[in-house]
Amino acid sequence: MFGSGSPGFGMPHGADEDTPVFVISVAAQLSGLHAQTLRSYDRMGLVSPGRTTGGGRRYSMRDIAQLREVQRLSQSEGVNLAGVKRIIDLENQVEALQARVTELAEELSAAYAAAEQAAAAVHASYRKDLVPFRQQNALVVWKPTR
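Residues numbered from 1 in each chain as written. Predicted model: local features only at pLDDT ≥ 70, side-chain atom pairs only at ≥ 80, totals over all residues. Heavy atoms only, no water.

**Focus: helix H1 (residues 24–31)**
Logical step 1: If you check which residues of H1 are buried, you get Ile24, Ala27, Ala28, Leu30 and Ser31. Buried positions in H1, seen along its axis, are confined to an arc of 165° and lie on one side of it.
Logical step 2: Buried residues along H1 sit in contact with helix H2 (35–44), strand E2 (57–58) and helix H3 (61–75).
Logical step 3: Positive backbone phi, approximately 80°, marks Gly32, located one or two places after H1. (Buried < 20%, exposed > 50% of the residue type's maximum accessible area, 1.4 Å probe, protein only. Helix = DSSP H or I, 4+ residues; strand = E, 2+ residues; numbered from the N terminus. Arc of directions from axis to C-beta. Contact = heavy atoms within 4.5 Å.)

Here you go:
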């Protein structure tokens, strides 16, 4: 019916899986659920469809997939809706944390590159007329003259 991750049949040009385009009746048909169940899931926070200026719900393909997952967890896995809500919240938290780790890794990589450039600039600024001196252990006796 729809390709995963790509705009499918009936999707407006330029729409992606996050674009809220489906009215509740179409979303109900695509998810295999009753429209009243979708309203209930919305009130419970299991899915958060977009809204029109008039307040009508508009579902994206990601919302449809979420509805199917809620149905699968509750019917096939026997998880109650409070448990499903907790699973969704934890998955969202993991996704946000993974994005933050990626962001921090990129910042760290940039900081390493900047440190390497700074070290290279310091090394490039060394005076070329100085001769390296190898330090040796030696005893030097100094006798000041009067």
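**Considerations on the packing of H1 against H3**
Logical step 1: For the pair H1 and H3, the least separation of the axes is 9 Å and the interaxial angle reads 50°. Of the possible angle classes, the one that applies to H1 and H3 is oblique. Crossing angle aside, the handedness with which H1 passes H3 is right-handed. On H3, the residues that touch Ala27, Leu30 and Ser31 of H1 are Ile64, Leu67 and Arg68. (Axes fitted to C-alpha atoms, helices over the stretch in contact; angles between N-to-C directions. Parallel < 35°, antiparallel > 145°, perpendicular 65-115°, else oblique. Left-handed = near helix turned anticlockwise from the far one by under 90°.)

**A closer look at the pattern of salt bridges**
Logical step 1: Enumeration over the complete set of coordinates arrives at eight salt bridges.
Logical step 2: Close ionic contact of Asp89 with Lys85 constitutes a salt bridge, the shortest N to O distance being 3.1 Å. A residue pair is termed a helical-turn pair when its members lie 3 or 4 positions apart in one helix, as Asp89 and Lys85 do in helix H4 (residues 81–124) at four residues.
Logical step 3: For Asp89, a relative accessible area of 31% puts it in the partly exposed group.
Logical step 4: On the basis of relative accessible area, Lys85 is assigned to the partly exposed category, the value being 26%.
Logical step 5: In this structure, Glu103 engages Arg100 in a salt bridge whose closest nitrogen and oxygen atoms are separated by 2.3 Å. Taken together, the residues span about one helical turn, with Glu103 and Arg100 both in helix H4 at a distance of three residues.
Logical step 6: On the accessibility criterion, Glu103 (38% relative accessible area) is partly exposed.
Logical step 7: Here the residues in one salt-bridge network are Glu17, Asp18 and Arg62, joined through shared partners. (Salt bridge = Lys/Arg side-chain N within 4 Å of Asp/Glu carboxyl O.)

**Considering the nonpolar core**
Logical step 1: Ranked by internal contacts, the top residues of the largest apolar core, which has 19 residues, are Phe22, Leu38, Tyr41, Tyr59, Ile64 and Leu67.
Logical step 2: Those elements that provide at least two residues to this core are H1, H2, H3 and H4.
Logical step 3: The dominant element in this core, judged by the number of residues it contributes, is H3, at five residues. (Core = buried A, V, L, I, M, F, W, Y, C linked by side-chain atoms within 4.5 Å.)

Honestly, it's all geometry; don't read function into it.
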